[in-house]
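The chain contents come next:
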Amino acid sequence: ELMFLLLGTLGHAIKGTLEHGGQSLALLNVSDSGRYLVTQDDGKPFFWLADTPWLLFHRLTPTEVDQYLEDRAAKGYTVIQTMILGTDDEFKVLDSVEGLAFEEGDSTRPNEAYFRHVDAIVAKANSLGIRVAIAPTWRSEEHTSELQSH
């Protein structure tokens, strides 16, 4: 199972909106029936049309990120689902243009440049009307069992 966080929504929950190019993206709630998402401001159903560039933070240059997000916005995508750490071992996370997520693989020492890179991508997506759903990392049962056996 993955737990997705609507990054940006969490950071702007006090305001009740996501900033989006001079406009605002409404926060999302679960509908009264519990079957779908609705916008908080008017209760209209939210259509979750997502692309899954799982390694967005790791593989693309800032120019490529802009091109990718602009393309997805033009095609009507409403969400991008991605991962902070990727799929490698906890301390061998994939390198990005800003380096590793943690200094020397130490999860108690976040790399500020890496997380500024993440923040910039989320802000760009929000400015185009796209929400970003972030999975901290991905672990399969097989991979998790392998890690626990060591």
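Placed above this text is the structure.
Residues numbered from 1 in each chain as written. Predicted model: local features only at pLDDT ≥ 70, side-chain atom pairs only at ≥ 80, totals over all residues. Heavy atoms only, no water.

### Examining the pattern of salt bridges
Tallied over the entire structure, the rule returns 5 salt bridges. Here Arg109 ties to Glu104 by a salt bridge, and the two come within 3.8 Å at their closest N and O atoms. Within the structure, one salt-bridge network assembled from shared partners comprises Asp51, Asp71, Arg72 and Lys75. (Salt bridge = Lys/Arg side-chain N within 4 Å of Asp/Glu carboxyl O.)

### Section: the nonpolar core
Soluble, globular proteins show a tendency: their nonpolar side chains are buried together. In terms of nonpolar packing, the biggest core is built from 18 residues, with Phe57, Leu69, Ile84, Val118 and Ile134 touching the most fellow members. Mapped onto this core, the elements with two or more residues apiece are helix H1 (56–59), helix H2 (62–74), helix H3 (112–127) and strand E8 (131–135). A total of 5 residues in this core trace back to one element, the largest contributor, which is H3. (Core = buried A, V, L, I, M, F, W, Y, C linked by side-chain atoms within 4.5 Å. Buried < 20%, exposed > 50% of the residue type's maximum accessible area, 1.4 Å probe, protein only. Helix = DSSP H or I, 4+ residues; strand = E, 2+ residues; numbered from the N terminus.)

### As for the packing of aromatic side chains
The final tally for this structure, using the stated rule, is 3 aromatic pairs. Measuring from centroid to centroid gives 6.2 Å for Phe102 and Phe115, while their planes differ by 55°, and the two rings are tilted. Placement of the pair is Phe102 in the loop between strand E7 (79–83) and H3 and Phe115 in helix H3, with a sequence separation of 13 residues. For Phe102, a relative accessible area of 14% corresponds to the buried category. (Phe/Tyr/Trp six-rings, centres within 6.5 Å; stacked < 30°, edge-to-face > 60°.)

### Things to note about the pairing of E8
The buried count for E8 comes to 5 of 5 residues, which makes it a mostly enclosed element. Here E8 shows a buried face lined by Arg131, Ala133 and Ala135 and a second buried face lined by Val132 and Ile134. Where E7 lies against E8, 5 bridges are found, and the strand directions are parallel. Of the residues in E8, the one forming a bridge with Thr82 is Ile134. (Pairing = 2+ DSSP bridges.)

### Here we look at the environment of Ser127
Note on placement: Ser127 falls in helix H3. Taking the C-alpha atoms as reference, Ser127 lies 10.0 Å from Leu69; in sequence the two are 58 residues apart.

### Section: the packing of H2 against H3
A pair of packed helices is characterised by two quantities: the angle between their axes and the separation of those axes. The contact between H2 and H3 brings their axes to 10 Å, and the two run at 30°. With respect to H3, the element H2 is oriented roughly parallel. The hand of the H2/H3 crossing is right-handed. Residue-level inspection shows Val65, Asp66, Leu69 and Glu70 of H2 in contact with H3, the latter providing Ile121, Lys124 and Ala125. (Axes fitted to C-alpha atoms, helices over the stretch in contact; angles between N-to-C directions. Parallel < 35°, antiparallel > 145°, perpendicular 65-115°, else oblique. Left-handed = near helix turned anticlockwise from the far one by under 90°. Contact = heavy atoms within 4.5 Å.)

### Here we look at H2
With 13 residues, H2 should reach 18 Å at 1.5 Å per residue; the first-to-last C-alpha distance of 18 Å fits that figure. Those residues of H2 not exposed but buried are Val65, Tyr68, Leu69 and Arg72. Burial along H2 is one-sided: seen end-on, the buried residues are contained in an arc of 95°. The exposed residues of H2 that point more than 90 degrees off its buried face are Thr63, Gln67 and Ala74. Each element contacted by the buried residues of H2 is listed here: strand E6 (50–51), H1, E7 and H3. Directly after H2, the chain includes Gly76, whose backbone phi takes a positive value near 90°. (Expected span 1.5 Å × (residues − 1). Arc of directions from axis to C-beta.)

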